[in-house]
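# Summary of structural features
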Amino acid sequence: MKVIKTIAEARAERGELGTLALVPTMGALHRGHMSLIEIARRSAPRTAVSIFVNPTQFGARDDFGKYPRPLSSDLEKCAAAGVDLVFAPDDAEMYPGEMMETIVDFPSLTTVLEGKHRPGHFRGVCQVVAKLFNILEPDFACFGQKDFQQLRVLQAMVEMLNWNIEILACPTIREPDGLAMSSRNQYLTPPERERAVAISKALFSAQEMVKGGVKQASRLSTAVQHQLLAKHFQIDYIASVDPITLKPVEIMTGPTVIAVAARLGSTRLIDNVVVEPGND
Ligand code: AMP
């Protein structure tokens, strides 16, 4: 496995690799990331992973400074998983000199949900992913459904800017109790970790309500809200949205994403499930 820190080296290596699947990450790799790497390996003969904690997608009050950066154990995990190339640039390599603002934006997708609570977040995501796509020129790129809005925004970016890259949507990997895996879970204190499971429990119970025939999104939101408030979460949003337009859904007639963002102490957690009402 080659570990590369500069854009020039990445370009030189890229020529040798042929058909390539890329897994962009911010490191602190867990089983969620490893499942993306497995999907990448099944999709293309060569796999690259990028590890870069991208400053431009963090807001002033976000956790950029304390975000975990266990690079050597991440590299071990990548090597063991059969990754061919790791691109792990530093901030100065990606953003040299004066930061030149580069904006790709899709306001109808980026100003709602996460975008509303983290202004500018998706501009940073689009900026860094566009740079990674231009540096590594992957044929496939894997993103997790855990961050479903990010996945949708990046699908739109590839489509709108005519990038010849296939975006692979990868299922959310969960802890045995249901908590969606996240590099941020390690911020949770043991009592918070116990309460954190309420998010996935509430989403699964909403899924059951839909299976039972409920089609009114407000009933789902109310049920989820009760369960989270009972565990003293501070709720940023509970939303039922169309998976393509991200517009709110009132009465479900097709696939709908139920998405939650909520805070426990200083840790912000997000999760979602896709529900599909039955025909009757
Ligand atoms: P991050 O390092 O948090 O930027 O995540 C890198 C990629 O891994 C993104 O495409 C995430 O959606 C994906 N990812 C993070 N957590 C999970 C998870 N629990 N299951 C599946 N994919 C995930």
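Let us look at the structure shown here.

Bringing helix 7 (residues 121-136) into the picture now. Here helix 7 is 16 residues long and its end C-alpha atoms lie 22 Å apart, about the 22 Å a rise of 1.5 Å per residue gives. Most of helix 7 sits inside the fold, with 13 of its 16 residues counted as buried. The first or second residue beyond helix 7 is Glu137, which carries a positive phi of 40°.

Glancing now at the site of the ligand. The full set close to the ligand counts 17 residues, and His33, Gly144, Asp147, Ile173 and Met181 are the nearest of them. Between the ligand and Met26, the relevant distance is 2.9 Å, taken from an oxygen atom to a main-chain nitrogen or oxygen of the residue. For the ligand, whose unbound accessible area comes to 480 Å², protein coverage reaches 92%. For the shell around the ligand, the elements supplying multiple residues, two or more each, are strand 2 (20-25), helix 2 (31-43) and strand 5 (140-144).

Our next topic: the packing of helix 9 (residues 190-211) against helix 10 (residues 217-230). Where helix 9 contacts helix 10, the two axes come as close as 9 Å, and the packing angle between them is 150°. It follows that helix 9 is roughly antiparallel to helix 10 by the angle criterion. Relative to helix 10, helix 9 is oriented so that their crossing is right-handed. For the pair formed by helix 9 and helix 10, the contact residues are Ala198, Ile199, Lys201, Ala202, Ser205, Ala206, Met209 and Val210 on the first element and Arg219, Leu220, Ala223, Val224, Gln227 and Leu228 on the second. Looking at side-chain class alone, the contact of helix 9 with helix 10 contains ten nonpolar, two polar and two charged residues.

Right, let's get into the sheet that holds strand 2. Pairing within the open sheet is parallel, and its six strands lie in the order 1-4-3-2-5-6. Each having just a single partner strand, strand 1 (2-4) and strand 6 (166-170) make up the two edges of the open sheet. Ignoring which end each strand starts from, the neighbouring axes of this sheet average 25° apart. Sitting on the sheet, helix 2 touches strand 2, strand 3 (46-51), strand 5 and strand 6, and the angle it makes with strand 5 is about 155°.

Reading guide: rules and limits
Residues numbered from 1 in each chain as written. Predicted model: local features only at pLDDT ≥ 70, side-chain atom pairs only at ≥ 80, totals over all residues. Heavy atoms only, no water. Helix = DSSP H or I, 4+ residues; strand = E, 2+ residues; numbered from the N terminus. Expected span 1.5 Å × (residues − 1). Buried < 20%, exposed > 50% of the residue type's maximum accessible area, 1.4 Å probe, protein only. Near = heavy atom within 4 Å. Polar contact = N/O pair within 3.5 Å; in protein donor to acceptor, adjacent residues only side chain to side chain. Areas by Shrake-Rupley, 256 points an atom, 1.4 Å probe, with all protein chains shown as cover. Axes fitted to C-alpha atoms, helices over the stretch in contact; angles between N-to-C directions. Parallel < 35°, antiparallel > 145°, perpendicular 65-115°, else oblique. Left-handed = near helix turned anticlockwise from the far one by under 90°. Contact = heavy atoms within 4.5 Å. Nonpolar A, V, L, I, M, F, W, Y, C, P; charged D, E, K, R; others polar. Pairing = 2+ DSSP bridges.

These figures come from the coordinates and say nothing about function on their own.
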